[in-house]
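For reference, the chains in residue letters:
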Amino acid sequence: MENITENKLNNQNENSTNEPILQLRNVSVSYAPGKKAVNNVSADIYPNTITAIMGPSGCGKSTLLRAINRMHDLYPKIETTGDIYLKGQNIMEMNPMEVRRLAGMVFQTPNPFPTMSIYDNVLAGYRLNCIKLTREEKDEIVQRSLMAVALWDEVKDVMNRRGSFLSGGQQQRLCIARTLALKPEVLLMDEPTSALDPVSTNKIEELLLDLKKNFTILIVTHNMSQAARISDNSMFMYLGDLVEYAPTRQMFTKPQHKKTEEYLTGIFG
Amino acid sequence: MKDKIFKGLLFAAALAILLLTAGVIYVLVKQSLNVFHEYGVFGFIFNAEWDPRPETEEYGAWSFIIGTLFTAFFALLLCIPFSLPVALFNGEYFKGYKISSFVSSVVDLLAGIPSIVYGLWGFYTLRPIVIQLGVNAQGFGIFLASIVLAVMIIPYASSLSAEFLSMIPDTVKEGAYSLGATRAETIRHVSLPMASSGIVAAYILALGRALGETMAVTMLIGNTTNVPTSLRDTGNTMASVIANQFGEADGLKLSALIGIGLLLFLITAVINLIAKFIMKKLSVR
Amino acid sequence: MSDRVKFSNVKKRAAKDKIVFGLVCLFSFLSMIPLFLIIWEVVSKGYKNFNWRLFTQVAPSSMDALIAKMSGEPIPGGILNGITGTILIVGMAVLFTIPLGLFVGIYLSEHPENKFARTVSYLTDLLQGMPSIVIGIIAYIWVVKPLRSYSALAGSVALTIMMLPMVVRSTEETLKMLPRTLKESGLALGASYTSVIFRVILPSGFGGIFTGILLAVSRVMGETAPLMLTALGATVVNWNILKPTSAIPLLIWDFYNDPNLVDIIWSASLLLLIVIFLLNWIAKIVARRWKI
C-alpha cells in the first residue's frame, strides 16, 4: 500500500484481478426538469474498500448515494439517468426491490422500526421480503448479524424490547445489523454518525473498518477527519459534479483540484 | 383594573363550561331518577319490555341498547373497507398531492350533509334496493340504517386515520424500502403497525358518532320495540326512540326516555374518553 | 458471506403491490360516490320547486297540498317559516356562542398547564361527543319546562351547547399556534393585557377563529333532532323567541311524514345543502386567506 501512484485507486483485493464491484457511468439525478442535483458522475468502486463521499451540503453526495439503491424511484418527480453496474449487472434495468437488497442502506438518523422488537428488527428484511425461516435459521441470522456489529453482548438479554429502547449509537448499529442480515453486496451509508455522540461515532468507525473485510462500503460524510480516518478512497463533489476521486491519503496531501483544496483547508464548507 | 375584570371574565367563561357539564349530568340524573327508582338501575337496563299502555305500563331500555350497539358496530364494520383505503390514499399514497386534497374535501363534505338528508337518501334511494335484495319486505331495519350510518362515519374514521398515517416519518418508511420491501409490504409491516393506535382511536370516535346518530336512523330503522337478533329485523336505537316518543311523553315514560338519554350520554362519553386517552398518549410520545 | 439470500418471489410481490394500490384507489373512489348520489338526488328532484315562492310563502297545509294535487297543479307554498326560523334560532345561538366560546378558548390557550384549564378542556371534549338528541333533552328540561312552552329560545340553547365545544376548540388551537413573542412584544410596549388580546392576539388569529365559527354554524344548520324537542315547529312565520318556531330541517321532517307534501321536501333539502356547502366553502377560503 505504500507507493501509490497518482490516481491509482486503493484496492484491498490485491489478489483479485482489480475488477470493480460497482461502476457508475454518467449518472445524473434531477429533482425538477433542468435542475440537476448530480451531474454526469462516472466512477469505479473496488471491492472491500471504504469510499468516502465528501462535499459541502447540497453538493449532491447523498443524492448520488441514494441513486445507487434506486431510492429515487420512490419519488416520481426525481429522475435518474445513466448506468450503474453492480458486479457487471446494470441495476437500472433491474427491479428496484432487488437492487435495494443488494445495496443495503444505512441512514443519517437511526431508523429502527419502532413497533418491532430488537430481534424482529434484525429480521425485518426477511419479513418484509416474505421469506419464511425456521426458528433456528432466525436465531442464527440474528446472532451473526448482531455480532457483526458488536451489539450482541449488549442486547442478547433484551431481544424482545422495542428497537427504540436502545441508545442512538446502538440503534444505528441495529440498523446496520438489519442491513447486513440480508447479505448485501455493498453498504451505502448516508452520514451514519452525524446524529451520534463521539463515543458512538468512534464505535461505528471501528465497526466499518472491521466490516470492510466482507463488504464494500460507500459512506457519505461531511466530517473530513472521519473520511481521513476510515476511507481508502475519497470522492469530492461540488455542485453536483464529481470534482476529484482519488486515494484518500493522496487527496488529503496533494489535492489535484483547487476546489478540493479549498474545501479541505476549510475555506468553504 | 380593566385587566383584572377581563381575566375574571375569561375565568368565568371557563367555569361556565364546568357548570354546564355538571348541569347536564345533574338534570339527566335528576329527571330520570324516577324510572331508576321504579325498576332499579339493572332492572331498567336489562328489561326488554317497553309498554306505554296505562294498564300494563312497563319500561326497559334493553331492546334499544341492543339496537344501538347492533347498528353502530355493524356500521363500523361496513365503513372500514372504505375509510381505510381513503386514509391510505390521503395519508400515504398521495400524501401532499393535489388529488389527495380533492379526495379528502369530497369525503369531508359527507360529514357536512345533515342527518335528515341522509335519512331521505336512505328512504328514497337505498330502501328500494334493500327491498330488491330481499333483506325484508319493507326495507326498513338494522341493515338499511347501518348502511347509511356507515356512509355517515366514513369521513370521521378516514380523516383522522389519514392524519396519523401521514405523521409517520419518511425515514422509517425508507428503512423498509431500502431492505427491498414493496410499498404494500411497507404499509402492512411498518406504517399500519405504527399508526395503529391512532387509527383505533379514529374508529372509536367514529363509533361514538354512530351511537348517537339520531335522525337518519329514526327514519330508517323501522321504530319497533323488540330486541333485534338479525340484520333483517327492525328495531329502535336509544336515540331514535327518544326522537320518536319524547313529544307525547310525560310521567314515568318521560323519565324512562330521559333515563335512556342518560345511558346514551354515558356510553358515548366513555367511548370518547377512551379515544381521547389513546390520542393523548400518542401525542406525548 | 458469499452465499446469497434467495429471493425468487419478486414478480409475485410486485404484482401484489400493484393490486393493493389498485384496490386502495378503487375503494377511495367508491367512498366518494355517495356524496355525488345524494347531491344528484337532491338537485334533480328539488330544482323544480326551487323558485321564488319557496322563499316567500309559508309551508302549505296538508289539505291545500292535497287539493292542488287532485287538480293536477304543483303544490302551493314555500318554506318561508322554516327559513326565518332557522335564521332566528341559529342567529341567536351564534350570539350566545361567540362571546362564551371565544373567552373559553382564550382562557384555555393562555393557561395550558393549569389543572383547572385541563379539566375544562376534557369537559369540552365530553360536550363535543354528546349526541345531539341528548342535548335536545337538556334544552327541553332547562328551557321548555320552566317556560311551559316550546320556543325558539330553547332551540337556540340546544344549538349553543352543540356549537360551543367546536368554537372553543378552534379558538384554542388557533391561538396556541400564534408565536409567544406576539403577546410578549405587545406587553413590552406597555399595552394592557386586555388590549393585547383584543388588538393583537384576536386579530392575528381571526382566520382560524372565523373558520371555526363558520364550520360550527354549518354543522348545526341541518340539526333536526334537538329542535324537535325544543323549537317544535310552527305553521307561521314567528319572530317571538318565546314561541314555538319552525326551521328548515324541521319542515323537511314534517314533509317527510306527510305524503301530500313530499314534493316540496327536495327543494327544502336543496336549499339546506346549498347553504351548508357555501358555508364550508367560505370557511375554506377564509382559512386559506388568513393563514397564520
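In this report, we go over the structure that sits alongside the text. Just so you know, these numbers come straight off a predicted model, no measurement behind them. (Residues numbered from 1 in each chain as written. Chains lettered and ligands numbered in written order. Predicted model: local features only at pLDDT ≥ 70, side-chain atom pairs only at ≥ 80, totals over all residues. Heavy atoms only, no water.)

1. Considerations on the overall build of chain A
So, point 1. Regarding its fold elements, chain A presents 11 helices and 10 strands.
So, point 2. For chain A, the C-alpha radius of gyration of 18 Å lies close to 18 Å, the compact-globule estimate for 269 residues.
So, point 3. Counting only C-alpha atoms, chain A reaches 55 × 40 × 40 Å along its principal axes.
So, point 4. Residues classed as buried in chain A amount to 56% of the 269 residues present. (Helix = DSSP H or I, 4+ residues; strand = E, 2+ residues; numbered from the N terminus. Rg over C-alpha atoms; globule rule 2.2 N^0.38 Å. Buried < 20%, exposed > 50% of the residue type's maximum accessible area, 1.4 Å probe, protein only.)

2. Some details on unusual backbone geometry
All names here are of chain A.
So, point 1. For Arg 70, which is not glycine, the phi dihedral falls at a positive 60 degrees.
So, point 2. With respect to the helices, strands and loops of the structure, Arg 70 is situated in the loop between helix H1 (61-68) and strand E4 (79-86).
So, point 3. Although it is not a glycine, Glu 191 adopts a positive phi angle of roughly 45 degrees.
So, point 4. Judged by relative accessible area, which is 9%, Glu 191 ranks as buried.

3. Here we look at the interface of chain B and chain A
So, point 1. Facing the 18 residues of chain B at the interface are 26 residues of chain A.
So, point 2. Roughly 1900 Å² is buried in total at the junction of chain B and chain A, and carbon and sulfur atoms are behind 63% of that figure.
So, point 3. Of all residues in chain B, the largest losses of buried area upon contact with chain A belong to Glu 174, Leu 179 and His 189 of chain B, amounting jointly to 35% of the total for that side.
So, point 4. One can count 1 salt bridge joining chain B with chain A.
So, point 5. The closest approach of N and O atoms between Glu 174 of chain B and Arg 66 of chain A, which form a salt bridge, is 2.6 Å. (Contact = heavy atoms within 4.5 Å. Buried area = accessible area lost by both parts, 1.4 Å probe. Salt bridge = Lys/Arg side-chain N within 4 Å of Asp/Glu carboxyl O.)

4. What to know about the interface of chain B and chain C
Much of the literature gives interface size as the accessible area that the parts lose upon coming together.
So, point 1. If you look at the interface, chain B gives 78 residues, while chain C gives 74 residues.
So, point 2. Between chain B and chain C the total buried area reaches about 6900 Å² when both faces are included, carbon and sulfur atoms providing 79% of it.
So, point 3. Counting every contact that joins chain B to chain C gives 2 salt bridges.
So, point 4. Residues Glu 185 of chain B and Arg 13 of chain C are paired through a salt bridge, measuring 2.7 Å at the closest nitrogen-oxygen approach.
So, point 5. Taken together, chain B and chain C are joined by 13 residue pairs in polar contact (both at pLDDT 80 or more).
So, point 6. Ranked by residue count, the leading element in the side of chain B that touches chain C is helix H1 (residues 2-39) of chain B, at 20 residues.
So, point 7. Partitioned by chemical class, the residues of the side of chain B that touches chain C number 55 nonpolar, 15 polar and 8 charged. (Polar contact = N/O pair within 3.5 Å; in protein donor to acceptor, adjacent residues only side chain to side chain. Nonpolar A, V, L, I, M, F, W, Y, C, P; charged D, E, K, R; others polar.)

5. Some thoughts on the sheet that holds strand E3 (residues 50-54) of chain A
Within a sheet, adjacent strands bond to each other through the backbone by hydrogen bonds, running parallel or antiparallel.
All names here are of chain A.
So, point 1. Strand order in the open sheet formed by 6 strands is E6-E7-E8-E3-E9-E10, and the pairing between neighbours is mixed. Each having just a single partner strand, strand E6 (103-106) and strand E10 (241-247) make up the two edges of the open sheet. This sheet shows a mean twist of 20 degrees between the axes of neighbouring strands, independent of strand direction.
So, point 2. Pairing of E3 with strand E9 (residues 233-238) involves 4 bridges; the strand directions are parallel. Looking at E9, one finds that Thr 51 is bridged to Asn 233. (Pairing = 2+ DSSP bridges. Axes fitted to C-alpha atoms, helices over the stretch in contact; angles between N-to-C directions.)

6. Here's the deal with the packing of H1 of chain B against helix H5 (residues 115-128) of chain C
So, point 1. H5 of chain C packs onto H1 of chain B with a crossing angle of 50 degrees between their chain directions and a minimal axis gap of 9 Å. As far as their axial angle goes, H5 of chain C and H1 of chain B are oblique. Like other packed secondary-structure pairs, H1 of chain B and H5 of chain C cross with a definite hand, here left-handed. The residues of H5 of chain C that touch H1 of chain B, namely those facing Phe 11, Ala 14, Leu 15, Ile 17, Leu 18, Leu 20 and Thr 21 of chain B, are Phe 116, Thr 119, Val 120, Leu 123, Thr 124, Leu 126 and Leu 127 of chain C.
So, point 2. Residues belonging to the contact of H1 of chain B with H5 of chain C are distributed by class as follows: 11 nonpolar, 3 polar and no charged. (Parallel < 35°, antiparallel > 145°, perpendicular 65-115°, else oblique. Left-handed = near helix turned anticlockwise from the far one by under 90°.)

7. Things to note about the packing of helix H5 (residues 115-132) of chain B against helix H13 (residues 262-289) of chain C
So, point 1. With their axes 11 Å apart at the nearest point, H5 of chain B and H13 of chain C run at an angle of 135 degrees to one another. One finds that H5 of chain B runs oblique with respect to H13 of chain C. As for how H5 of chain B packs across H13 of chain C, the hand of that crossing is left-handed. Every residue of H13 of chain C that contacts H5 of chain B at Val 117, Leu 120 and Tyr 124 of chain B is listed here: Val 262, Ile 265, Trp 266 and Ser 269 of chain C.
So, point 2. Residues that form the contact of H5 of chain B with H13 of chain C fall into these classes: 6 nonpolar, 1 polar and no charged.

8. Focus on the side chain of Thr 49 of chain A
Residues and elements named next belong to chain A.
So, point 1. By the secondary structure assignment, Thr 49 is in the loop between strand E2 (35-45) and E3.
So, point 2. A residue is classified by how much of its surface remains accessible, and Thr 49, at 0% relative accessible area, is buried.
So, point 3. Of the polar contacts made by the side chain of Thr 49, one reaches the backbone oxygen of Tyr 46; its length is 2.6 Å.

9. Examining the nonpolar core
So, point 1. Leu 146 of chain A together with Tyr 118 of chain B are the most contacted members of the largest nonpolar core, which totals 247 residues.
So, point 2. Counting residues domain by domain, this core receives three or more from each of domain 1 (2-56) and domain 2 (62-284) of chain B.
So, point 3. Once residues lying within four places of it in the same chain are set aside, the contact partners of Leu 146 of chain A are Val 122, Leu 151, Trp 152, Val 155, Met 159, Leu 174 and Ala 177 of chain A.
So, point 4. Among the nonpolar cores identified, the runner-up in size contains 37 residues, and Val 29, Ala 67, Val 99 and Leu 218 of chain A belong to it. (Core = buried A, V, L, I, M, F, W, Y, C linked by side-chain atoms within 4.5 Å. Domains from an automatic or database assignment.)

10. Looking at the side chain of Lys 253 of chain B
Residue and element names in this part refer to chain B.
So, point 1. The residue Lys 253 is located in helix H11 (residues 251-284) in this model.
So, point 2. Of the side chains bearing the opposite charge, Glu 248 lies closest to the buried Lys 253, which forms no salt bridge; the N-O distance is 4.3 Å.
So, point 3. Here Lys 253 is in contact with Trp 50, Pro 52, Glu 57, Tyr 59, Gln 245 and Glu 248, once residues within four sequence places are set aside. (Lys, Arg positive; Asp, Glu negative; His and termini not counted.)

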